[in-house]
Structure formats: structure tokens, C-alpha cells
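The primary structure of each chain is shown beneath.
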Amino acid sequence: MYAIVNIAGQQFKVAKDQYLFVHRLQGDEGASIEFDNVLLAEDGGKFTVGTPSISGAKVSATILSHLKGEKVIVFKKKRRKGYKKKNGHRQHFTKIQITGISL
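Just so we're clear, the structure is a prediction, and the values are computed from it rather than from any experiment.

Undergrad: Any chance you could break down the sheet that holds strand β1 (residues 2-7) for me, citing the residues and the numbers?
TA: The strand order across the open sheet formed by four strands is β2-β1-β5-β6, and the pairing between neighbours is antiparallel. Of all the strands in the sheet, just β2 (10-15) and β6 (46-49) have a single pairing partner and so form its edges. In this sheet, neighbouring strand axes are inclined to one another by 20° on average, regardless of whether the strands run parallel or antiparallel. Where β1 lies against strand β5 (residues 38-43), four bridges are found, and the strand directions are antiparallel. Across the sheet, the residue bridging to valine 5 is valine 38, located in β5.

Undergrad: Give me the environment of phenylalanine 47: which residues, what numbers.
TA: Residue position: phenylalanine 47 is located in strand β6. Each residue touching phenylalanine 47, except ones within four places of it in the same chain, is listed here: Tyr2, Leu40, Ala41 and Glu42.

Calculation rules
- Residues numbered from 1 in each chain as written.
- Predicted model: local features only at pLDDT ≥ 70, side-chain atom pairs only at ≥ 80, totals over all residues.
- Heavy atoms only, no water.
- Pairing = 2+ DSSP bridges.
- Helix = DSSP H or I, 4+ residues; strand = E, 2+ residues; numbered from the N terminus.
- Axes fitted to C-alpha atoms, helices over the stretch in contact; angles between N-to-C directions.
- Contact = heavy atoms within 4.5 Å.

This is the structure in C-alpha cells:
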């Protein structure tokens, strides 16, 4: 059984006991959260497609940790002008574990 769910503006294909890194979510570590924007669900070969989401379907998850991603270097340069800018960025992520899918 799997489902396609919208989490923080992004779509993920999730299954039970799967680990995911999503954009930073509100909540403490160890807290349990539910996502009700389920777009598609599959259960034993039977597909359910929402218009746009399936009513009554929920995906439950547990927040495991909050962390930062790899550092991305942003370097801007204009040739022959002496213009150089170097900047860095680290994205905030939340690691979650899918605990169940209910239709």
C-alpha cells in the first residue's frame, strides 16, 4: 500500500515505515502529525484517485529530527567589471517517519 501526498507544497510517494526529508515543519521532535491532502492511494492493486484530494484519507507520521542540509555556494560574477559575490545557504529540513496510511 502506498499513497501520494502533498507535504509542505511538495508531492511525495509514501509507504508505511518509510523515512522522508521534507521542508521544515512546525512541531517538536517525537510529535505525531497527520497529512490529509492525499492525492492518490493504492491498496492491493486497487487505485483511488482524488479530485483533487481523497476525502477522509490521512497519512500519519512522526517527527524524528530537525536538521540542516548540505551547504550550497552561490557565486555571482560579472566578467571584466571586478564584481564578485559569494554567498552560502543551508536549507532547513525535518526528518519524518510514516507511521500509517488510512483511507
